[in-house]
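Tertiary structure, described
Spelled out, the chains give:
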Amino acid sequence: MFDRIVAFVRAIGIPVTEDVVAADSFLPAVAVAWSYAAAVQLGIDPGVVFDEGGSHGRGPSLAQYYAMGLYIGRPELAAAGMARDPRTAPEGAPVYPAMVRWLR
């Protein structure tokens, strides 16, 4: 399954390497929102993103929020022009978790 994620990330132009990532390299909520959108795009169970050990143990809580349509991190993705918020998107335009673009 992770091979599919890596292939997807490479396909959108992001080089993939394994290394320690600085804690401040990307806002955690935005990273979770991006990861959820990628899982949806790839048809992967969002439980992969929201596993029990992820997000400092908050994975199950995040899964509940996202299941209710409370997309933490979506406003930041929309502000960066990466996704559309349903409150401000043009009528008929795809909204998050659909992405406008995958890179900032």
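Residues numbered from 1 in each chain as written. Predicted model: local features only at pLDDT ≥ 70, side-chain atom pairs only at ≥ 80, totals over all residues. Heavy atoms only, no water.

**Description of the overall build of the protein**
From N to C terminus, the protein includes 4 helices and 0 strands. Each helix (α) and strand (β) of the protein, taken in turn from the N terminus, gives the series α-α-α-α. The buried share among the 104 residues of the protein stands at 28%. Residue pairs at least 24 apart in sequence account for 47% of intrachain contacts in the protein once pairs closer than 6 positions are excluded. A total accessible area of about 6,800 Å² is found for the protein, and carbon and sulfur atoms account for 56% of it. (Helix = DSSP H or I, 4+ residues; strand = E, 2+ residues; numbered from the N terminus. Buried < 20%, exposed > 50% of the residue type's maximum accessible area, 1.4 Å probe, protein only. Contact = heavy atoms within 4.5 Å. Areas by Shrake-Rupley, 256 points an atom, 1.4 Å probe, with all protein chains shown as cover.)

**Here we look at the nonpolar core**
With 23 residues, the main nonpolar core has Trp 34, Phe 50, Tyr 66, Leu 77, Tyr 96, Met 99 and Trp 102 as its most contacted residues. Among the secondary structure elements, those contributing two or more residues to this core are α1 (2-11), α2 (28-42) and α3 (59-67). With residues near it in sequence (within four places) discarded, Leu 77 still touches Val 30, Ala 33, Trp 34, Met 82, Ala 83, Tyr 96 and Met 99. (Core = buried A, V, L, I, M, F, W, Y, C linked by side-chain atoms within 4.5 Å.)

**Description of the side chain of Arg 74**
Position of Arg 74 among the secondary structure elements: in helix α4 (residues 74-79). With residues near it in sequence (within four places) discarded, Arg 74 still touches Ala 33, Arg 84, Asp 85, Pro 86, Arg 87 and Tyr 96.

**A short note on the pattern of salt bridges**
On inspection of all chains with the given rule, the structure shows 2 salt bridges. Of the charged contacts, one joins Arg 87 and Asp 85 as a salt bridge, the two residues approaching to 2.6 Å between their closest N and O atoms. Using a relative accessible area of 6% as the deciding quantity, one classes Asp 85 as buried. Overlapping salt bridges bring together Arg 74, Asp 85 and Arg 87 as one network. (Salt bridge = Lys/Arg side-chain N within 4 Å of Asp/Glu carboxyl O.)

**Focus: the packing of aromatic side chains**
All chains considered together, the criterion is met by 9 aromatic pairs. Cluster of aromatic residues (ring-pair linked, three or more members): Tyr 36, Phe 50, Tyr 66, Tyr 71 and Tyr 96. (Phe/Tyr/Trp six-rings, centres within 6.5 Å; stacked < 30°, edge-to-face > 60°.)

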